[in-house]
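# What the coordinates show
Chain by chain, the residues run as shown.
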Amino acid sequence: MAGILDAPRTRAVRAARSSRRGTGPHERQQRRTFWPFTAPALLAYAVLFLAPVGYAFWTSLHKWDGMGAMQWRGLRNYQLLFDDPTFRTSLVNTLKLMFIGGAVTFAISLALTLVLREMQGRLFARSVLFFPCLVNGMVFGIAAGFLFSPTGPVNQVLHFFGVTTPPKWLSTDNLLPMVLGTLIWTATGYYTSIIMAAVDQIPAYLYEAAELDGANALQRFRHVTLPCAWDVISVCAVLWTVSSVKIFELILLFGGSSSAYPPISSWNTALYVYTEAFPQATIPRLGIATAAAITSLVMVTVVTLVLRRLMRREPIEY
């Protein structure tokens, strides 16, 4: 009789242990279907990303012009890379685009989110803000050459208001700020649209409760919008970090020509890699180019990990 009474208790204990170990029917089914669904994506990731990165790192340890035999150099390519003042300038410019451009872009995007959340017709406003993202970068280069030329419309307007010596907008010293301004203008609408898509999912009763407590628009943004949309904002920060390193066509269009590269003072690491791999009058240095590319990849990885660590918050469920 005691054995019969203890049987349900034994089955309950076994079920609890099975649940703790994750060996229930549902968990076992998930484990059986994990690899069949995941393996194709992992294989594509390995072939299209890991293998090229591995080959690039192997190439960065050699002296190679892309046609002859590779000559082993080891880490000397990286030493030569950081001894090159052109690369150091490119690295500093990349960090400027990443941090200064990111800070200004997200400051404007969050300010626009505060305004759009409270205004009527915000869907139309979001469409207008998003429009620059749809325009090809060549258009901005051509438009800048027209608008900011010495006899262009911008200087004509300044002359009308009495400015006799307008700035040399497209000079070497102003080239990087012009690129940075164009980048901020084109990226602001993109990130504003993403953040607003997250804000639209926040329940209205949270804002109503904040209003009943006497919170103004800025307080509602700080205590409701930011915490609820924080996960999306952190993802946008990672997207910006990755995309800011890949800026190439804007610098080439603003400062380059058919016969010359842009001034070195405006280069970033992407343009440095391009000029080393495809020089105009010298032999390609693919070892140095891939070393610069690997350095950029490591830099982006480190910054992304730090950002994810600093922006980690407990998820808010609503």
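As the structure is a computational prediction, the values presented were derived from the model and not from experiment. (Residues numbered from 1 in each chain as written. Predicted model: local features only at pLDDT ≥ 70, side-chain atom pairs only at ≥ 80, totals over all residues. Heavy atoms only, no water.)

### Some words on helix H6 (residues 137-147)
Given 3.6 residues per turn, any residue in an α-helix points the same way as the ones three and four places further on. Those residues of H6 not exposed but buried are Gly137, Phe140, Gly141 and Ala144. The buried residues of H6 occupy one face: seen down the axis, they fall within an arc of 100 degrees. Away from its buried face, by an angle of more than 90 degrees, H6 presents the exposed residues Met138, Ile142 and Phe146. Looking at the packing, one finds that the buried side of H6 touches helix H8 (172-199) and helix H11 (249-255). (Buried < 20%, exposed > 50% of the residue type's maximum accessible area, 1.4 Å probe, protein only. Helix = DSSP H or I, 4+ residues; strand = E, 2+ residues; numbered from the N terminus. Arc of directions from axis to C-beta. Contact = heavy atoms within 4.5 Å.)

### Observations regarding the state of the cysteines
Applying the stated criterion across every chain, the model contains 0 disulfides. Cysteine cysteine 228 shares no disulfide, and the gap to the nearest cysteine sulfur, in cysteine 236, comes to 16 Å. Exposure remark for cysteine 228: the relative accessible area of 17% places this residue in the buried category. (Disulfide = S-S within 2.5 Å.)

### Re a nonpolar patch on the surface
On the surface, a cluster of nonpolar side chains totalling about 360 Å² of accessible area is made up of Tyr45, Phe49, Leu50 and Leu297. If you tally residues by element for the nonpolar patch, the top one is helix H2 (residues 25-59), at 3 residues. Following the sequence through the fold, leucine 50 ends up in helix H2. The partly exposed category is assigned to leucine 50, whose relative accessible area is 45%. (Patch = residues over 30% accessible without salt bridge, like charges linked within 9 Å, V, L, I, M, F, W, Y side chains within 5 Å. Areas by Shrake-Rupley, 256 points an atom, 1.4 Å probe, with all protein chains shown as cover. Salt bridge = Lys/Arg side-chain N within 4 Å of Asp/Glu carboxyl O.)

### A word on the side chain of serine 296
In this structure, serine 296 sits in helix H13 (residues 286-310). When sequence neighbours within four positions are dropped, the list of residues in contact with serine 296 reads Val245 and Thr269.

### Here we look at the nonpolar core
Judged by nonpolar contacts, the single largest core of 53 residues is most densely connected at Leu81, Val199, Leu250, Phe254 and Tyr272. Element by element, the count of residues in this core is highest for H8, at 13 residues. What leucine 81 contacts, discounting residues up to four positions off in sequence, is Phe87, Tyr272, Ile288, Ala291, Ala292 and Thr295. (Core = buried A, V, L, I, M, F, W, Y, C linked by side-chain atoms within 4.5 Å.)

### As for the packing of aromatic side chains
Scanning the model with the defined rule gives 15 aromatic pairs in all. Ring plane angle 85 degrees and centroid distance 5.5 Å describe the contact between phenylalanine 82 and phenylalanine 87, whose orientation is recorded as edge-to-face. For phenylalanine 82, a relative accessible area of 39% gives the class partly exposed. Through successive ring pairs, a cluster of aromatic residues spans Phe106, Phe130, Tyr190, Tyr191 and Trp240. (Phe/Tyr/Trp six-rings, centres within 6.5 Å; stacked < 30°, edge-to-face > 60°.)

### Topic: the environment of alanine 215
Along the polypeptide, alanine 215 turns up in the loop between helix H9 (204-212) and helix H10 (217-245). On a C-alpha basis, the gap between alanine 215 and leucine 97 in space is 36 Å, while along the polypeptide they are 118 residues apart. Every residue in contact with alanine 215, bar those within four places of it in the chain, is listed here: Ala210 and Arg220.

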